[in-house]
Amino acid sequence: MDSEYLKRHLGKCLADGLAEVAEQRPVNPILYLAHWLYKYNENVERETQRKAYVALLEEEQAEAREEGSHQETLKDEEQRISKVESMAESGQEMQNSASPSLQDHEKETDDRRTSEAADISAPADSDATAEESERPVTIQEESENPPPDVEDV
């Protein structure tokens, strides 16, 4: 039972310490083994901390790479947007620098459309007078209503 406990808790550690004592052949092997076992425990703790630190470092590096690729994507998108904006600006400049006659033509077309819209929305009285003036005059109406500038002879 005691040997099993020693194997489970001190097996590797004690075996490595005794191998070190046999290799170094110190003057005081018991004191050397005691110091070696003490340092072994510190080394195990330090190794555990180092592994945790390395894992954290790798995780941060992965995040940094991901952030870098995200920044590159944003930069590419910003460049595409600036290209589109510059193309739109150059298109506006081309429209603004179009010949004055073209601009005048567009203005006249707009004015004509506005006046046509006003004519359509004019009151019905003007429509009736326009219809009367366009309607042919019959002989009977002519005799009843002579033109104002014609005198009876």
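If you're wondering where the values come from, they're calculated on a predicted model, not measured in any experiment.

Draft legend 1. Layout of a negative patch on the surface. A cluster of like negative charges, contributed by Glu59, Glu60, Glu63, Glu66 and Glu67, occupies part of the molecular surface. Topologically, Glu63 is positioned in helix α2 (residues 29–96).

Draft legend 2. Region of interest: the packing of aromatic side chains. Summed over the entire model, instances satisfying the criterion amount to one aromatic pair. Residues Trp36 and Tyr40 carry aromatic rings whose centres are separated by 5.3 Å and whose planes lie at 20° to one another, so their mutual orientation is stacked. Residue Trp36 and its partner Tyr40 are located together in helix α2, separated by four residues, close to a single helical turn. Judged by its relative accessible area of 19%, Trp36 falls in the buried class.

Draft legend 3. Inspection of helix α1 (residues 2–24) at higher detail. In a regular helix each residue adds 1.5 Å, so 23 residues correspond to 33 Å; α1 covers only 28 Å between its end C-alpha atoms and thus falls short of that length. Within α1, the axis deviates most sharply at Leu10, by approximately 80°. Where α1 is concerned, the buried positions are Cys13, Gly17 and Val21.

Draft legend 4. Region of interest: the pattern of salt bridges. Per the counting criterion, the structure on display carries three salt bridges. Of the charged contacts in the structure, one is a salt bridge between Glu42 and Lys39, with a shortest N-O distance of 3.6 Å. Linking Glu42 with Lys39, this pair stays in helix α2, spanning three residues, or about one helical turn. Glu42 gets classed as partly exposed once you look at its relative accessible area, which sits at 27%. Overall, the relative accessible area of 43% leaves Lys39 in the partly exposed class. Close ionic contact of Arg50 with Glu47 constitutes a salt bridge, the shortest N to O distance being 2.7 Å. Here Arg50 and its partner Glu47 are both found in helix α2, three residues apart, which amounts to about one turn of the helix.

Draft legend 5. Focus on unusual backbone geometry. For Arg25, which is not glycine, the phi dihedral falls at a positive 50°. Within the secondary structure, Arg25 sits in the loop between α1 and α2.

About the thresholds
- Residues numbered from 1 in each chain as written.
- Predicted model: local features only at pLDDT ≥ 70, side-chain atom pairs only at ≥ 80, totals over all residues.
- Heavy atoms only, no water.
- Patch = residues over 30% accessible without salt bridge, like charges linked within 9 Å, V, L, I, M, F, W, Y side chains within 5 Å.
- Areas by Shrake-Rupley, 256 points an atom, 1.4 Å probe, with all protein chains shown as cover.
- Salt bridge = Lys/Arg side-chain N within 4 Å of Asp/Glu carboxyl O.
- Lys, Arg positive; Asp, Glu negative; His and termini not counted.
- Charge placed at Lys NZ, Arg CZ, Asp CG, Glu CD.
- Helix = DSSP H or I, 4+ residues; strand = E, 2+ residues; numbered from the N terminus.
- Phe/Tyr/Trp six-rings, centres within 6.5 Å; stacked < 30°, edge-to-face > 60°.
- Buried < 20%, exposed > 50% of the residue type's maximum accessible area, 1.4 Å probe, protein only.
- Expected span 1.5 Å × (residues − 1).
- Bend = angle between axes of the 7 residues up to and from the residue.

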